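Residue-level listing of the chains:
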Amino acid sequence: MSEHEHSEHIVSPGTYVAIILSLLALTGLTVAAAYVNLSDYVPFKQANIFVALLIATVKATLVVLFFMHVKYSPKRTKLVIMAGIFWLLILLFMTLSDYASRIDYRGVRFPMSQHVTREAFPRS
Amino acid sequence: MHRTGALYGQFETLEQQKETASLGMWIFLVTEVMFFGGIMLAYTINRHTSFHAFAMGSNTLSLPLGGFNTVVLLASSFTMAMAVWSSQTGKKRLIPIFLTLTILLGFVFFGVKYVEYAQKFHNHLIPGKNFDIRYCVNNPSKCEDIQPDDLAKERAEIAEAFEADPDLNAHAQLYYSAYFGMTGLHALHMVIGAGLLFWLLRNSMRGMYTPEWNTPVDLVGLYWHFVDIVWIYLFPLLYLIDRHK
């Protein structure tokens, strides 16, 4: 219908090429980072998984903003996405804080002693 | 339903029509985020309680195959984005070409996944009665993917892990359950996505998608990119736990 103005933003192929190249570079970076014990360099035991998830999140953000063209979407769509991420964080944060602070029925603190589960797997 | 050209009666403008459809798709995708989020949460807790087994299990995966699949999936996301671009700019002949490329890359992914799964069956790494994390180091002649040079190193690694966790064989099954559960559900999403792509391919060859109306291409694109994002997280979580040794 020509009487309706069609004002959707079209992302150019050049942008898509730039994004796919960045995604491939970040994939290489995450593999390279996995081969280095990063906690040798920073006083943080979980440095490797932190960096791996950080790179994954950067990649996911690039996909969401450009491939899924959320950067050019109405605020309403952005609100739904932010609400979804917020809800996910509630799920992760509350469950993990429960595990981190709980002492189980055997009086064992999380992470539970791995030896206790032997009776559950007598064959192993 | 009353319809004028590409515009359905309940909408004021084409833009509003498109934004409504894409908002609905996003609400569906948010439920998918919660679905995969719950699984990754279970993974996180098990990984924390049985870290040695998860690290050992992760190191038995093939990083070249996993890395290759990551590249394939990212490339398929790119071709999907280009299919959406072709439909938005009215390049009707390009739409089926990019959709076909996306489907082909999806099938390459399935092929590699088949090779990986078959290797796990072969190497006794399926959770259950015959699961044995030591199968390959004890029977190196039966495992094609184990290099004789690495054998001593792998034996030492496994012995060390058993030292740290005597129930390594049981806990490694937790890792493999997570591996098959997560990659299996991801592959199921891709099968559904491939089905949707075939449907788009048929309709695009009939010239159904125009710059005024290309909602199905756009929405299947969102779904395909979402599946790509799930893999972006699965790759480091499953393949890269403890490679630095």
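Look up: the structure comes first, before these words.
In what follows, the accompanying structure is described. (Residues numbered from 1 in each chain as written. Chains lettered and ligands numbered in written order. Predicted model: local features only at pLDDT ≥ 70, side-chain atom pairs only at ≥ 80, totals over all residues. Heavy atoms only, no water.)

Some words on a nonpolar patch on the surface
All names here are of chain A.
Inference 1: Taken together, the side chains of Tyr35, Val36, Tyr41, Val42, Phe44, Phe50, Leu54 and Val58 make up a nonpolar region of the molecular surface, amounting to roughly 790 Å² of accessible area.
Inference 2: When you line up the elements, tyrosine 41 lands in the loop between helix 1 (13-34) and helix 2 (47-67).
Inference 3: With relative accessibility at 65%, the residue tyrosine 41 sits in the exposed group. (Patch = residues over 30% accessible without salt bridge, like charges linked within 9 Å, V, L, I, M, F, W, Y side chains within 5 Å. Areas by Shrake-Rupley, 256 points an atom, 1.4 Å probe, with all protein chains shown as cover. Salt bridge = Lys/Arg side-chain N within 4 Å of Asp/Glu carboxyl O. Helix = DSSP H or I, 4+ residues; strand = E, 2+ residues; numbered from the N terminus. Buried < 20%, exposed > 50% of the residue type's maximum accessible area, 1.4 Å probe, protein only.)

So, the pattern of salt bridges
Inference 1: Counted under the stated rule, the structure contains 2 salt bridges over all chains.
Inference 2: Ionic pairing is found between glutamate 19 of chain B and arginine 76 of chain A, a salt bridge with its closest N-O pair at 3.6 Å. Taken as a pair, glutamate 19 of chain B in helix 1 (residues 14-49) and arginine 76 of chain A in helix 3 (residues 75-101) lie in two separate chains rather than in one.
Inference 3: A salt bridge links lysine 113 of chain B to glutamate 116 of chain B; its shortest N-O distance comes to 3.1 Å. Highlighted residues: lysine 113 of chain B and glutamate 116 of chain B, both in helix 4 (residues 94-122), separated by 3 residues, approximately one helical turn.
Inference 4: Classification of lysine 113 of chain B by relative accessible area gives buried; the value is 4%.
Inference 5: Given a relative accessible area of 0%, glutamate 116 of chain B falls into the buried group.

A look at empty space enclosed by the protein
Inference 1: Counted by the stated rule, this structure contains 1 cavity of 30 Å³ or more.
Inference 2: Of the volumes computed, that of the largest cavity is approximately 80 Å³.
Inference 3: Taken together, Thr30, Ala33, Ala34, Leu38, Asn48, Ile49 and Ala52 of chain A together with Pro236, Leu240, Ile241 and His244 of chain B form the lining of the largest cavity.
Inference 4: Mapped by element, the contributors of at least two residues to the lining of the largest cavity are helix 1 and helix 2 of chain A. (1 Å grid on protein atoms, 1.4 Å probe; cavity = no way out; pocket = protein on both sides within 12 Å on 5 of 7 lines; lining within 4 Å. Points joined across faces, edges and corners; volume = space filled by probe spheres on them.)

As for the layout of surface pockets
Residue and element names in this part refer to chain B.
Inference 1: The computed volume of the second largest pocket comes to approximately 680 Å³.
Inference 2: Lining the second largest pocket we find 25 residues, and of these Asn59, Thr60, Leu61, Glu154 and Arg243 sit closest to its centre.
Inference 3: If you list the elements that add at least two residues to the lining of the second largest pocket, you get helix 2 (51-59), helix 3 (63-88), helix 5 (135-138) and helix 6 (148-164).
Inference 4: With 5 residues, the top contributor of residues to the lining of the second largest pocket is helix 6.
Inference 5: Classifying every residue of the lining of the second largest pocket gives 11 nonpolar, 6 polar and 8 charged. (Nonpolar A, V, L, I, M, F, W, Y, C, P; charged D, E, K, R; others polar.)

Focus on helix 3 of chain A
Inference 1: An ideal rise of 1.5 Å per residue puts 39 Å on 27 residues; helix 3 of chain A measures up with 38 Å between its terminal C-alpha atoms.
Inference 2: Turning to helix 3 of chain A, its buried residues are Thr77, Val80, Ile81, Gly84 and Leu88 of chain A.
Inference 3: Residues of helix 3 of chain A that are buried in the fold lie against helix 1 of chain B. (Expected span 1.5 Å × (residues − 1). Contact = heavy atoms within 4.5 Å.)

Observations concerning the interface of chain A and chain B
How big an interface is tends to be stated in terms of accessible area lost as the parts join.
Inference 1: Counting residues at the interface gives 58 residues for chain A, matched by 63 residues for chain B.
Inference 2: Surface buried jointly by chain A and chain B totals about 5,400 Å² across both partners, of which 73% is contributed by carbon and sulfur atoms.
Inference 3: Linking chain A with chain B are 1 salt bridge.
Inference 4: Taken together, the links from chain A to chain B amount to 3 residue pairs in polar contact (both at pLDDT 80 or more).
Inference 5: Ranked by residue count, the leading element in the side of chain A that touches chain B is helix 3 of chain A, at 12 residues.
Inference 6: When the residues that make up the side of chain A that touches chain B are grouped by side-chain class, the tally is 36 nonpolar, 17 polar and 5 charged. (Buried area = accessible area lost by both parts, 1.4 Å probe. Polar contact = N/O pair within 3.5 Å; in protein donor to acceptor, adjacent residues only side chain to side chain.)

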